[in-house]
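Here is how the chains run, residue by residue.
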Amino acid sequence: MRFSRYFHIIPICAVLAGAPARAQDIHKLIDWDKLSPKAVETVDVTLDANMLGMAARFLSGEKADEAKVKKLIGNLKGVYVRSLRFDKAGEYSLATVDAVRSQLKTPEWSKVVDVHTKEENTGVYLKTDGKQVLGLIVLAAEPKELTLVNIVGAIDPEDLKDLGGKFGIPNMEFGPKPKKK
Amino acid sequence: MDSGKQMPEFEDELRRSLERVEAPEGFADRVMARIREEGARAPGGRVIPIGGRKPSPKRWAAAVAAGVLLSAGGWRYHEYQRGVKAKEQLLMALEITSSKLGFINSKVDELSQRTIQ
C-alpha cells in the first residue's frame, strides 16, 4: 500500500510529542501570557548564555561579592525566572503546576525537596549526570504567588549559599545544621 | 525747452548702453573649461566642487571614518545598556532563587524540628 511508507513516521511523531521538554524550555510549560493579566506583579528574567556572558563582563572580578556571582555564572547556559504575584488566591490551577512536575519525572531530574502544605506546594529539582549538577529548578506554588526558576548549566548550590547576605539575597543553610554543643 | 532737447539724447545714450554686445567667439567654452578646471571659489576661499567633480579620497576617508566611529559608539552604548540590564536581571534572578530556596530551607528545618520533638 502506498501509505505504508509513511507508517514509520507515526512512532517518531509519538515519541516527539511525548518527549520531555528541553531544560531551557521548562518555563514554557506554563502559559504565562494567559496568567500574567491576572497578576499584580510580574517578574520575567530570561538570560541565555550570550546575555549571561554580557552580564559577567559587568561584574567586577575585584569586588569579592561580584566575583562570587561571576564564578557562579561561569558555567551556566541560561537563567530563566518567571514569577507572578496575585492579589487573591486561586488565580491559577494546580494542573498548571502538575504539568511542570510531570515533565521532571525523568531519570535525569531528581527531586531534592518537596514541601507540601495546605498553602504551599514547593519543590527543588536537580538535573545531574551522576557527577555534577547540570541544572536547577525551583517551583514555588503559593496561594498568591507562582514562581518558576530554571537555571541551566553546571551549578554548585553551595555557590548560591555563598551569596547569602549579599545583593539582598538571604543567608541560607543547605543540609543539616551542625548540632549545638 | 532744454529738457525737451535733452531727453532724446539721454534715451539714445541709454539705448546704446543697453545694446546687446555679442561675446567674443569661444568665450562661453573658455569659461566652462575654466570652471571645470578649478571649480568656483566661494567668498571664504573654500573650493566648492561643482559639475560632477568628485571629493578627494581624503574627504571620503574622513566621512567613512566619522560614520564608522559614530556607529561603533552607538553600538558600544547599546551593548553597555544591554550589559547593565543583564547584570540587574541576573542579580534579581539570584535574589528570587535564593529567597525561594531559603523559604524551602526554613520549611524543612521547621518540619525536622517538629519530627525531633
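Before reading on, note that the structure itself is shown above.
Residues numbered from 1 in each chain as written. Chains lettered and ligands numbered in written order. Predicted model: local features only at pLDDT ≥ 70, side-chain atom pairs only at ≥ 80, totals over all residues. Heavy atoms only, no water.

## Here's the deal with the interface of chain A and chain B
Then comes step 1: Of the residues lining the interface, 43 residues belong to chain A; the matching set on chain B comes to 27 residues.
Then comes step 2: When the two sides are added together, the surface that chain A and chain B hide from each other amounts to roughly 2900 Å², 76% of it contributed by carbon and sulfur.
Then comes step 3: Applying the counting rule to chain A against chain B returns three salt bridges.
Then comes step 4: Here Glu-66 of chain A makes a salt bridge to Lys-87 of chain B, at a shortest N to O gap of 3.2 Å.
Then comes step 5: Between chain A and chain B we count four residue pairs in polar contact (both at pLDDT 80 or more) in total.
Then comes step 6: At the level of elements, strand 1 (41-48), helix 3 (49-57), helix 4 (64-73), strand 2 (76-85), strand 3 (109-116), strand 4 (121-128), strand 5 (133-142) and strand 6 (145-153) of chain A are the ones that each hand at least two residues to the side of chain A that touches chain B.
Then comes step 7: Element by element, the count of residues in the side of chain A that touches chain B is highest for helix 3 of chain A, at six residues.
Then comes step 8: Among the residues forming the side of chain A that touches chain B, the class breakdown is 29 nonpolar, six polar and eight charged. (Contact = heavy atoms within 4.5 Å. Buried area = accessible area lost by both parts, 1.4 Å probe. Salt bridge = Lys/Arg side-chain N within 4 Å of Asp/Glu carboxyl O. Polar contact = N/O pair within 3.5 Å; in protein donor to acceptor, adjacent residues only side chain to side chain. Helix = DSSP H or I, 4+ residues; strand = E, 2+ residues; numbered from the N terminus. Nonpolar A, V, L, I, M, F, W, Y, C, P; charged D, E, K, R; others polar.)

## Digging into the nonpolar core
Then comes step 1: Residues Leu-47 and Val-79 of chain A together with Leu-90 of chain B are the most contacted members of the largest nonpolar core, which totals 32 residues.
Then comes step 2: Elements supplying a minimum of two residues to this core: strand 1, helix 3, helix 4, strand 2, strand 4, strand 5 and strand 6 of chain A together with helix 3 (57-116) of chain B.
Then comes step 3: For this core, the element with the highest residue contribution is helix 3 of chain B, accounting for eight residues.
Then comes step 4: Discounting residues that sit within four places of it in the chain, Leu-47 of chain A has contacts with Leu-52, Lys-77, Gly-78, Val-79 and Tyr-80 of chain A together with Ala-86, Gln-89 and Leu-90 of chain B.
Then comes step 5: Formed by 18 residues, the second largest nonpolar core is a distinct cluster that contains Leu-104, Leu-139, Ala-141 and Leu-146 of chain A. (Core = buried A, V, L, I, M, F, W, Y, C linked by side-chain atoms within 4.5 Å. Buried < 20%, exposed > 50% of the residue type's maximum accessible area, 1.4 Å probe, protein only.)

## Remarks on the sheet that holds strand 2 of chain A
All names here are of chain A.
Then comes step 1: Reading across the sheet, the six strands line up as 1-2-6-5-4-3 and stay open at both edges, with antiparallel pairing between neighbours. Two strands bound the open sheet, and with one partner strand each, they are strand 1 and strand 3. Averaged over all adjacent pairs, the angle separating strand axes in this sheet is 5°, with direction ignored.
Then comes step 2: Two strands pair when backbone bridges link them, and strand 1 and strand 2 are joined in this way by eight bridges, in the antiparallel orientation. Within the sheet, the bridge partner assigned to Leu-47 lies in strand 2 and is Val-79.
Then comes step 3: Against the sheet, helix 3 engages strand 1 and strand 2, with an angle of about 90° to strand 1. (Pairing = 2+ DSSP bridges. Axes fitted to C-alpha atoms, helices over the stretch in contact; angles between N-to-C directions.)

## Structural notes on the pairing of strand 2 of chain A
All names here are of chain A.
Then comes step 1: Of all the ten residues making up strand 2, eight are buried; the element is thus mostly covered by neighbouring parts of the structure.
Then comes step 2: In terms of strand pairing, strand 2 meets strand 6 through nine bridges, oriented antiparallel. By the bridge assignment, Val-79 is partnered in strand 6 with Ile-151.

## Section: a nonpolar patch on the surface
Then comes step 1: Together, Met-7, Phe-10, Leu-14 and Leu-18 of chain B line one region of the surface with nonpolar side chains, adding up to about 440 Å² of accessible area.
Then comes step 2: Mapped onto the secondary structure, Met-7 of chain B falls in helix 1 (residues 2-17). (Patch = residues over 30% accessible without salt bridge, like charges linked within 9 Å, V, L, I, M, F, W, Y side chains within 5 Å. Areas by Shrake-Rupley, 256 points an atom, 1.4 Å probe, with all protein chains shown as cover.)

## So, the pattern of salt bridges
All names here are of chain A.
Then comes step 1: The full count for this structure, using the stated rule, is eleven salt bridges over all chains.
Then comes step 2: One salt bridge connects Glu-41 with Arg-85, and the closest N-O pair in it is separated by 2.7 Å. Residue Glu-41 is located in strand 1, and its partner Arg-85 is located in strand 2; the two are separated by 44 residues in the primary sequence.
Then comes step 3: The partner of Asp-114 in a salt bridge is Lys-111, and the shortest N-O contact between them spans 3.2 Å.

## Digging into the side chain of Asn-121 of chain A
Residues and elements named next belong to chain A.
Then comes step 1: Turning to its location among the elements, Asn-121 is positioned in strand 4.
Then comes step 2: One polar contact links Asn-121 to Arg-101, side chain to side chain, over a distance of 2.3 Å.
Then comes step 3: Beyond its immediate stretch of four places on either side in the chain, Asn-121 contacts Leu-94, Arg-101, Asp-114, Val-115, His-116, Leu-139, Ala-140 and Ala-141.

## Re the pairing of strand 3 of chain A
Residues and elements named next belong to chain A.
Then comes step 1: Across seven bridges, strand 3 lies against strand 4 in antiparallel orientation. By the bridge assignment for strand 4, Val-113 is matched with Val-124.
Then comes step 2: In sequence, strand 3 turns back onto strand 4 through a hairpin of four residues.

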